[in-house]
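Here are the chains, one letter per residue:
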Amino acid sequence: MAKWKSVETRWYEDRDALFRGLRRLDRRSFLRVSFAAAGAAAVSGVRFAPHSFQTVSVADAKEGREPFSFAYISDSHLYKRELNDRFVRSLLRAIDDVNAMDPQPDFVLFGGDLAQLGQREELDLGAQLLKNIKAPVRMMVGEHDWFLDMGARWRELFGKETYSFDHKGVHFVVLQSVNEADFWTRRGMTPMERMHTVAGLDNGIQSRFEVGAPQREWLKNDLSRYDDDTPVIVFSHSPLYKYYRNWNFWTEDAEEVQAILRGFDRVTVIHGHTHQMLTNRIGNIHFHGMLSTAWPWPYAPEGLPKLTVQMARPDPFNPNDGCGDGFATVTAEGLVDKVYNLWNRNPVDVPSAYLASGGKKSRPQDPSLASF
Amino acid sequence: MTRTLTALGLAVMTTAGGALAAPDLVPLRSADDAGVEVKLCDDETTVRIAADTPKTRAEGQKIADALMSQWQQKHPEQDWVARERERHAVTPPADNSGLVGKAQGQVYGQVTPLDVKTWERETLAMAVHGSTVFHSGDELGSTIAVSCDMCHPDAANTHPETYPKFQPQLGRVALLRDMINWCIEHPVRGTVLAPDDPKMRALEAYILAQRKGKALDYGKR
């Protein structure tokens, strides 16, 4: 074997070592890997962001709850196979990413918008592709899956859109947060016209997303069975707060939903839809966005949460830049350390300590090219 | 003998906007009654009425409505500017109403309210046309149903004010239209547009409109 290794080879080896270490979840080997990776990278002369390259801190396990990780893939926006191979390839890349994780994540969250126009062929194609994931998959619905047939095909394939489950002492809730007040009947729209309207992010005809009263009631009942000190992690397609109304980076009844979650000590919301690195904290609730495999969204002109450290402005000459997948480590305390696996760039981790400290500790590295 | 009348364009203007049902005109009495053919100012839409139709205002309105109804059916996209603006916000152009009544020394040079309205309408229409292209994979000629707004809602992150600038990947200084064509060719997978293609001109108009008020800063990364 050749002794000389290129900068790229060493970079990828370091990166792989880091990822393996991240998921081993044993504090000692963690630190070892972390220092080794950082050291190797420093020797190789590769410039890197300290926070994007070193392991997240995993707290010592408390009795009864062991740390674990889950991966995520989100917003694949598949068209029919014959029409668009670009988004299919991107989803396959993400599937390869999570299948290559060693050890495997406990499960993989799919964050919604599997399809672009909610068509049967698109959803079926997505279901078929997701079967290639080795770990168990938890599904969430997005507006692109919903507004052609109001979720009919999605439900046939994946079951209920609102559900909850327990995993290693953490209570997980999956919401359908993309309900919209009827804007289509009055206009005499066909289902496909309705779908196209919702599919346009900047289309002003559509209504704002909402969880809705029946689901809020369900959530209240669901959570009533748990003690306040149970860590709660909520998956919702839209951010459960108000960021930018015009693009539905928004949930109309966000305050009501937050009020239901306020009773718990540790709550984390992980959402899709925004296709960007996004960090927010409102009281006890930590919020993290997810990357898309299909395309990145720009940061909105206003309303960006203060805690958000932006991802670098995607380079149009770099295919798939700004896209990716990622994973979350649930610490022994039940808080989430979030890793954004940006394709073609260093991964970025947003540890719970950053949110818990209100941005004072463990700040992710700022991008060289921010949006303007 | 058939006489042809041309309905006043004004009648058409006053009824535009709402969808019209064809009104009941005085019926022709028999097949051999050729009646009178009334033609719209587009020189093609016609309606035939009985020769002895009473020459009243009410009957005249009915004729105008009948013509307008036909014209609207032939032009379902007549309200395209309003329709597009309802869907997608397009920044209106600069307000020039302060110039009304001012002149530059010529006899007929005084700026009228109609001038200002025309400037605004035409300029805005071009940007709105750009919005329709920007938001449609079909209009852009995408072979994979990808449109500009997927990555650039409201034309965000397009930065027209930063061109021209050197793009090493293109090996030359790029203008906004070069980047538009790059996107059309690669992420959109379409065919590049000629620099003077009406769609290219409209796309530039829309993108510039959406960054109205930003200071020019050519070369900025």
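The rules behind each value
Residues numbered from 1 in each chain as written. Chains lettered and ligands numbered in written order. Predicted model: local features only at pLDDT ≥ 70, side-chain atom pairs only at ≥ 80, totals over all residues. Helix = DSSP H or I, 4+ residues; strand = E, 2+ residues; numbered from the N terminus. Buried ≥ 20, exposed ≤ 12 C-beta atoms within 10 Å, placed from the backbone. Contact = placed C-beta atoms within 7 Å. Nonpolar A, V, L, I, M, F, W, Y, C, P; charged D, E, K, R; others polar. pLDDT = per-residue confidence, 0-100. Pairing = 2+ DSSP bridges. Right-handed = clockwise from strand over helix to strand, strands pointing away. Axes fitted to C-alpha atoms, helices over the stretch in contact; angles between N-to-C directions. Parallel < 35°, antiparallel > 145°, perpendicular 65-115°, else oblique. Left-handed = near helix turned anticlockwise from the far one by under 90°.

### What to know about the overall build of chain A
- Secondary structure assignment for chain A yields 11 helices and 12 strands.
- Across the 372 residues of chain A, 47% fall into the buried class.
- In chain A, the share of contacts with a sequence separation of at least 24, taken over all contacts with a separation of at least 6, comes to 70%.

### As for the interface of chain A and chain B
- At the interface, 20 residues of chain A touch 19 residues of chain B.
- By residue class, the composition of the side of chain A that touches chain B is 13 nonpolar, five polar and two charged.

### A few points about the confidence of the model for chain B
Residues and elements named next belong to chain B.
- Put simply, chain B has an average pLDDT of 88, and 86% of its residues get 70 or more.
- Mean pLDDT values over the elements of chain B span from 41, in helix α1 (residues 9-15), up to 98, in helix α7 (residues 198-210).
- In the predicted assembly, ipTM is 0.84 and pTM is 0.82.

### Considering helix α6 (residues 176-185) of chain B
- Across the 10 residues that make up α6(B), a large majority, seven, are buried.
- Within α6(B), burial applies to B:Leu176, B:Arg177, B:Met179, B:Ile180, B:Asn181, B:Cys183 and B:Ile184.

### Focus: the pairing of strand β6 (residues 232-236) of chain A
Residue and element names in this part refer to chain A.
- Counting buried residues in β6 gives five out of five residues, a clear majority hidden from the surface.
- Neither face of β6 is exposed, since Val232, Val234 and Ser236 on one face and Ile233 and Phe235 on the opposite face are all buried.
- One ladder, built from four bridges, connects strand β5 (residues 170-174) with β6; its direction is parallel. Its bridge partner lying in β6, phenylalanine 172 is registered against isoleucine 233.
- In this structure, β6 lies alongside strand β7 (residues 267-271), joined through five bridges in parallel fashion. Looking across to β7, one finds that phenylalanine 235 is bridged to isoleucine 270.
- Read as a crossover between parallel neighbours, the route from β6 over helix α10 (residues 254-261) to β7 is right-handed.

### So, the packing of α6(B) against α7(B)
Residues and elements named next belong to chain B.
- Running from amino to carboxyl end, α6 crosses α7 at an angle of 110°, the nearest separation of the two axes being 10 Å. Between α6 and α7, the crossing angle belongs to the class labelled roughly perpendicular. As for how α6 packs across α7, the hand of that crossing is right-handed. In this structure, α6 contributes Leu176, Arg177 and Ile180 to the contact, and α7 contributes Met200, Leu203, Glu204 and Ile207.

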